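Chain by chain, the residues run as shown.
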Amino acid sequence: MKAIFVAVALCLSTTFAMAGGSTPSNPDAQVYFVNLSDGDTVQSPVTVVFGLNGMGVAPAGTEKENTGHHHLLIDRPPLGEGEDGADELAYGLPADDNHIHFGGGQTEVTLDLTPGPHTLQLVLGDAGHVPHATPIVSEVITITVE
């Protein structure tokens, strides 16, 4: 009986850890990189174009159903993983060198990246920078800057 309780508790904690905030999302929504693919070799500065299907883009602070704004995770574990992963999902994305916010509703950015490999992931955030209840995230891609 104890083993069953532990197994159920582990499943529930995993489910909770993978959930975002309280704002619902369109279950068919997708966010993706328009102009970059995993394994690309690029020159700096790097322009990154964000794509979104199934939801709309709205500036941070806008509370409108099926909208959000972009965040770019650079050189860090995928959303929800790593040292601050649970906090990202529950409380929102920090603003630092590894979590770039586009609260104005921007859909692209040009970045100066150092030579070498870099990981990138797009995350759609709600009005308060919190990933949606079902997070809308891209695959993590690795690009190499020459």
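In short, a report on the structure. (Residues numbered from 1 in each chain as written. Predicted model: local features only at pLDDT ≥ 70, side-chain atom pairs only at ≥ 80, totals over all residues. Heavy atoms only, no water.)

Glancing now at the pairing of strand β5 (residues 67-74). The two faces of the sheet receive side chains in turn, since in a regular strand these alternate between them. Judged by how many residues are buried, β5 sits mostly within the fold: 8 of 8 residues are covered. Of the pairings in the sheet, the one linking strand β4 (residues 56-57) to β5 comprises 2 bridges and is parallel in character. Residue pairing for β5: Gly-56 is matched across the bridge by Thr-67. (Buried < 20%, exposed > 50% of the residue type's maximum accessible area, 1.4 Å probe, protein only. Helix = DSSP H or I, 4+ residues; strand = E, 2+ residues; numbered from the N terminus. Pairing = 2+ DSSP bridges.)

Before going further, it helps to examine the pairing of strand β9 (residues 141-145). With burial as the criterion, only one face of β9 is covered, namely that bearing Ile-141, Ile-143 and Val-145; the residues Thr-142 and Thr-144 on the opposite face remain uncovered. Taken together, the 2 bridges between strand β2 (residues 41-42) and β9 define a ladder with parallel strand orientation. Each residue of the ladder has a partner; that of Thr-41, found in β9, is Thr-144. Pairing of strand β8 (residues 116-125) with β9, which is carried by 5 bridges, proceeds in the antiparallel orientation. Note that in β9 the partner of Leu-120 across the bridge is Ile-141.

This next bit is on the side chain of His-118. Relative to the helices and strands, His-118 resides in strand β8. Owing to a relative accessible area of 6%, His-118 belongs among the buried residues under this scheme. Here Asp-75 takes part through its side chain, which lies 2.7 Å from a polar atom of the side chain of His-118. Every residue in contact with His-118, bar those within four places of it in the chain, is listed here: Asp-75, Leu-113, Ile-141, Thr-142, Ile-143 and Val-145. (Polar contact = N/O pair within 3.5 Å; in protein donor to acceptor, adjacent residues only side chain to side chain. Contact = heavy atoms within 4.5 Å.)

Turning to its location among the elements, His-99 is positioned in strand β6 (residues 99-101). Among the polar contacts made by the side chain of His-99, one reaches the side chain of Glu-88 at a distance of 2.7 Å.

Quick look at the environment of Asp-112 now. In this fold, Asp-112 is placed in the loop between β7 (108-111) and β8. Between the C-alpha atoms of Asp-112 and Gln-43, which are 69 residues apart in sequence, the distance is 9.2 Å. Ignoring anything within four residues of it in the chain, the contact list for Asp-112 reads Ser-44 and Pro-45.

Let's shift gears to the pattern of salt bridges. All chains considered together, the criterion is met by 2 salt bridges. The shortest N-O distance in the salt bridge between Arg-76 and Asp-84 comes to 3.0 Å. By relative accessible area, Arg-76 is classed as buried at 13%. By relative accessible area, Asp-84 is classed as partly exposed at 26%. Notably, a salt bridge pairs Arg-76 with Glu-88, separated by 3.2 Å at the nearest N-O pair. Pair noted here: Arg-76 is in the loop between β5 and α2 (85-91) and Glu-88 is in helix α2, with a separation of 12 residues, a long-range link. When its relative accessible area of 0% is taken as the criterion, Glu-88 is described as buried. One network of salt bridges, in which partners are shared, links Arg-76, Asp-84 and Glu-88. (Salt bridge = Lys/Arg side-chain N within 4 Å of Asp/Glu carboxyl O.)

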